[in-house]
Amino acid sequence: MKGIVFTAFVQYVEDTFGDLIVEQMIAGCDLATDGAYTSVGTYDHGEIIQMVVELGRLSGRNVPDLVKGFGYTLFGTLVTGYPEVVNHVEDSFGLVATIDNHIHVEVRKLYPDADLPTFSHEFRGPDELHLLYESERGLADLAEGLLIACFEYFKEEIELQREDLSDGAGTRVAFNMRRVVN
Amino acid sequence: MDLSEIQKRKLRREIAARLEAERLLEERSRELYDKGQTLEKLNGTLEARVAANTMQLQRANAMLTILHDTVLMAAEVDTFDEALERCLRAIGEFSGWPLGHIYQRASGDADVLTSSGLWFVQNPTLFKNFQEITKETNFAKGVGLPGRIWERGAPVWIKDVTQDDNFPRADGRTRLNVRCGFGFPVQIKGRVAAVLEFFNDEAFERDEQLLTLLKSMGEQVGRVLERQEAHRQQRIAREDAERANQAKSRFLANMSHEIRTPMNAILGLTELVLDGEVTNTQREYLSTVLASGESLLSLVNDILDLSKIEANAVTLERTVVNLHEIVFSVMRSMATQAHVKEIELLCSIQSEVPEFICGDKTRIQQILINLVGNAIKFTQQGEVELKIATSVNASKQQELSFLICDTGIGIAKEKQETIFQEFEQADASTTRQFGGTGLGLSIVSRLVGLMNGTIQIESVVGNGSKIGFSIAESHYGTGVQDQIPATAGPGSIYELDQQAPEKSLAGSRVLLLEGNERHQAIFADWITRFGGDVVIASAVSEVSGKLQKNMLSKEDVDFVFVASPLLDSSDGRLFKGFLRSFPDSTQIMLMLDSTTHWQDPADHDQLAICKHLRKPLNYAEVVNAIYQLQGIEKISRDAGEKAPDTLAAGPRDLRVLVAEDSVVNQKLAVAMLHKLGHEVVIANHGKEALAAIEAHEFDLVLMDIQMPEMDGFEAVRTLREAEVDTRLPVIALTANAMRGDRDACLEAGMDAYLSKPIRLQRLADVIESVCHSR
């Protein structure tokens, strides 16, 4: 997993729960990196899972909510780091539709070893978009957080329905998005 | 965990992250560097490949250019050897190989290749020995480099001739300085005709690209040479054909010459015998001999004419002639033929047709006689009319157009195109039925061509024919105006206009009694042209009707022209009575067919016919006759009606030397000259003639041109050189009817020229003119 996700995660924990929790979380995990991440590196995704689980234990909040919250902050980080991604599109559906065909293609050029989830989409009308998330890592919650932050970024009101197609494993999840037209 | 501990850990973590980032950066840089290196290497390889490809392309381009040039060159050059040599040079210069040479098969079926002696040499000293050996060495199929190329019909490459066991020119003893060699064949029609070989003093690997080029070069050159050879063969064939045709023409000319000489004797002597005392039967037989002889002679003349035209030996005379006079004299000469068959012969000339043109009188007559004669021959009833007008041709040039219309049997469409070719008649049966050689129209069409004109035919079988021909103004129209006064004679329109410029028929009323409608129209046109007023009738009742209606009064009629057939018709008595009822002031003229002898003296006197006119009418003469009757003074000369006894009017008792090698012609000359009352001495050739002139005194010499020992030209030249104050008249006799003979004769010093066959009247005339002018 790309280092930017790890640095963003550590930053999110620090901003949300404070330095102490960060240190306790890192200390409570068995990390090869000892929590020293750089955005240009690539790290085992197991480390982030360990850290989220430890953070849950430390903060007493459930893991899916934590991951969703992280996704929400991660969107802001990505937009700041890679503004061209959002400059090319007009709204959140436009952005979602470009993930697989455009964003991930570019990501692979930069990081040939990146192991990316697949996002297949299908417009079911001008105001309805269907997105299927598939990844071994089961980070559908992260995706959901990213989507919500995205809707906010474009200042759009969109209903989001989530349906797990992998018996709760979060590896194959359908997101149905419907634009609320006022 | 206290604050400092937390901060320490965080710091530690950040340092570790920075180091990790730096390591990654370093790693990435390394990677980038390596990739850059690879790219550079790749770039270098690419550049090298591009350079190599470019070179190859350039070479291929150069090869295509050389191939293209070779093909162009091969098409330009005249000989096979030249093509090969230039091909050799082109390849030598292109490849940079220092020595090139060509082996050839001496002929298409030669079984060895021999040196052609054609070389491309960059370094004469280096390959001196090899060249010597090559000159001496022939190759059979399969032997050596040339023999192998011949056998395979494809290029061969020898990397090192010293290592090659089929290279006889390298015997191991002589230093050749030759290492590498290649060559290719030039094939014509699939057979190797030549082998081009090249040598170098270094060994080279087989160059496929070059060999491919050479292969196609050999093919191209071969193909071009093939075509060239085919063209050459065609040219030879054409030249042969032209030569053969010319030979044929010459043969025909000679043959007709040979025939004319004896014909001369036959006709002349027959005429002489007829002139003497013969029984009626003999006269009949001899007349047939004369007529047959004359028709044979005219056939021979046709053949001679045609062969002269084919041999381009005909040039047209260009003098100012009276076209109307030519036309009417032709019409008159054809009149008997037409009138015997009771065919009306008519001639209309539009007023804008010039009377005087520049042209060849004899040839125009010949064309008209042929066409009008044909029209009469193939017409059984009705009329033949010659119409002359001016028109403008396709290239907007003024031209004279002649149209001969008949009411005869016509010519089928498919025959109309071939009818102008020699020996073609409309139908093979035509010859049997109508006679003729089929040469006439062919000669006519060629003569028309010489006059820058065209000839065409329009006909429907059973419905008559129209043959039209034209003479371009470029031919007939130059420099005519100035010469008219000198040429115009009495009876010409020019002369009539000079005599009475104010159109003296103005106010004259002319009554025409004529049954033929075309003749009515033509006649009326002429009279109107001179200002006269014409009333036409073909029956008495028509005139009576007009008289009754007070449209015409007999007193007003100045001239009556009456066609003789009307007087012989069932209405004849009516007509005669009608004519008699005119007052004395009315002049009556009778128009006779050439065959009619309307000479009932009683009628003549009663009708008070003041003049007989013969058809076809020359209207200028008609007008002239009217002028005469009106008292406008002019001299009328009846041309061509010379009395036979004018022979006696010439000089007599001359001493004449006849230089002539043919015994028959000698006899003829003696007989004719005796008849004219002269004394004759014979010489057999020029030398004898000169001796005779030396020994005796003569008043006149008749000199044949073609004689053994000394010909007529040389004899007369020698004679003229010897003469001091005197000049003996010499008349040339020749069977050559070629143009230019006359000039040659006069130039040699002859005084006059007689073309055989010699006729009595012509001979008398020429003798008179020569002796009078003395």
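Residues numbered from 1 in each chain as written. Chains lettered and ligands numbered in written order. Predicted model: local features only at pLDDT ≥ 70, side-chain atom pairs only at ≥ 80, totals over all residues. Heavy atoms only, no water.

K.L.:
Is there a simple way to explain the overall build of chain B in this structure?
P.N.:
Looking only at helices and strands, chain B features 25 helices and 23 strands. Looking at chain B as a whole, 45% of its 774 residues are labelled buried. For chain B, the proportion of contacts with a sequence separation of at least 24, taken over those separated by at least 6, is 68%. Accessible surface, chain B: about 40,100 Å² in total, of which carbon and sulfur atoms supply 50%. (Helix = DSSP H or I, 4+ residues; strand = E, 2+ residues; numbered from the N terminus. Buried < 20%, exposed > 50% of the residue type's maximum accessible area, 1.4 Å probe, protein only. Contact = heavy atoms within 4.5 Å. Areas by Shrake-Rupley, 256 points an atom, 1.4 Å probe, with all protein chains shown as cover.)

K.L.:
Where do I start with the sheet that holds strand β20 (residues 679–683) of chain B in this structure?
P.N.:
Adjacent strands of a sheet pair through backbone hydrogen bonds, lying either parallel or antiparallel. Residues and elements named next belong to chain B. One open sheet accounts for five strands, arranged β20-β19-β21-β22-β23; its pairing is parallel. For this open sheet the edge positions go to β20 and β23 (752–755), each flanked by a neighbour on one side alone. Ignoring strand direction, the axes of neighbouring strands in this sheet form an average angle of 20°. Inspection of the sheet shows strand β19 (residues 655–659) paired to strand β21 (residues 700–704) by four bridges, in the parallel sense. Of the residues in β21, the one forming a bridge with V658 is L702. Sitting on the sheet, helix α22 (residues 686–695) touches β19, β20 and β21, and the angle it makes with β19 is about 160°. (Pairing = 2+ DSSP bridges. Axes fitted to C-alpha atoms, helices over the stretch in contact; angles between N-to-C directions.)

K.L.:
Sorry, what's going on with the side chain of N322 of chain B here?
P.N.:
Residues and elements named next belong to chain B. The topology assignment puts N322 in strand β7 (residues 319–322). You can call N322 buried: its relative accessible area is 8%. At 3.0 Å, the side chain of N322 and the backbone nitrogen of H324 are in polar contact. Those residues in contact with N322 that lie beyond four places of it in its chain are E355, F356 and S492. (Polar contact = N/O pair within 3.5 Å; in protein donor to acceptor, adjacent residues only side chain to side chain.)

K.L.:
Just to check I follow, could you spell out the sheet that holds strand β4 (residues 172–179) of chain A for this structure?
P.N.:
Residue and element names in this part refer to chain A. Spatially, the four strands line up as an open sheet ordered β1-β2-β4-β3, and their pairing is antiparallel. In this open sheet, the two strands that pair with only one neighbour each are β1 (118–123) and β3 (158–164). When the angles between neighbouring strand axes are averaged without regard to direction, this sheet yields 20°. Two strands pair when backbone bridges link them, and β3 and β4 are joined in this way by seven bridges, in the antiparallel orientation. Paired with Q161 across the strands is N176, a residue of β4. Where helix α6 (residues 92–110) meets the sheet, it contacts β1, β2 (128–134), β3 and β4, and its direction lies at approximately 135° from that of β1. Across the sheet, helix α7 (residues 140–153) lies against β1, β2, β3 and β4, angled at about 175° from β3, the strand it touches most.

K.L.:
How should I be thinking about the packing of helix α4 (residues 63–81) of chain A against α7 of chain A in this particular structure?
P.N.:
Helix-helix packing is characterised by the crossing angle of the two axes and by the distance between the axes. All names here are of chain A. Running from N to C, α4 and α7 point in directions that differ by 50°, and their axes come no closer than 7 Å. With respect to α7, the element α4 is oriented oblique. For the element pair α4 and α7, the recorded crossing hand is right-handed. Mapping the contact onto sequence places P64, V67, K68, F70, G71, Y72, L74, F75, L78 and V79 in α4 and D141, L142, E144, G145, L146, I148, A149, C150, E152 and Y153 in α7. For the contact of α4 with α7, the per-class residue count stands at 14 nonpolar, two polar and four charged. (Parallel < 35°, antiparallel > 145°, perpendicular 65-115°, else oblique. Left-handed = near helix turned anticlockwise from the far one by under 90°. Nonpolar A, V, L, I, M, F, W, Y, C, P; charged D, E, K, R; others polar.)

K.L.:
What am I meant to see in unusual backbone geometry here?
P.N.:
A negative phi holds for most residues other than glycine; trans holds for most peptide bonds. Residues and elements named next belong to chain B. Here N177, not a glycine, exhibits a phi torsion of approximately 65°, which is positive. For N177, the position within the fold is in the loop between β4 (156–158) and β5 (180–188). With a relative accessible area of 24%, N177 lands in the partly exposed category. Positioned with a positive phi, K396 is a non-glycine residue whose angle comes to about 60°. Along the chain, K396 turns up in the loop between β10 (383–392) and β11 (398–406). The class of K396 is exposed, set by a relative accessible area of 72%.

K.L.:
Would you take a moment to explain the nonpolar core for this structure?
P.N.:
Side chains of a nonpolar character, in soluble globular proteins, are inclined to be buried together. Counting 74 residues, the largest nonpolar core has L345, L386, F402, F469, F523 and F561 of chain B as its most contacted members. By residue number, the principal contributor to this core is helix α7 (residues 323–340) of chain B, which donates nine residues. Other than its neighbours up to four places away in sequence, F561 of chain B contacts V510, L511, L512, L513, F523, M589, M591, L613, V622 and I626 of chain B. Core analysis: the next-biggest nonpolar cluster, separate from the first, contains 43 residues, I26, L31, F70 and I158 of chain A among them. (Core = buried A, V, L, I, M, F, W, Y, C linked by side-chain atoms within 4.5 Å.)

K.L.:
Would you explain the interface of chain A and chain B in this entry?
P.N.:
How large an interface is tends to be reported as the accessible area lost when its parts come together. Counting residues at the interface gives 18 residues for chain A, matched by eleven residues for chain B. Contact between chain A and chain B buries roughly 1,100 Å² in total, counting both sides, with carbon and sulfur atoms accounting for 64%. At the junction of chain A and chain B, the tally comes to three salt bridges. The partner of R13 of chain B in a salt bridge is E23 of chain A, and the shortest N-O contact between them spans 2.6 Å. The tally of links from chain A across to chain B stands at three residue pairs in polar contact (both at pLDDT 80 or more). Mapped by element, the contributors of at least two residues to the side of chain A that touches chain B are α1 (3–17) and α2 (19–27) of chain A. In terms of residue count, α2 of chain A provides more of the side of chain A that touches chain B than any other element does, seven residues in total. Within the side of chain A that touches chain B, the residues separate by chemical class into ten nonpolar, four polar and four charged. (Buried area = accessible area lost by both parts, 1.4 Å probe. Salt bridge = Lys/Arg side-chain N within 4 Å of Asp/Glu carboxyl O.)

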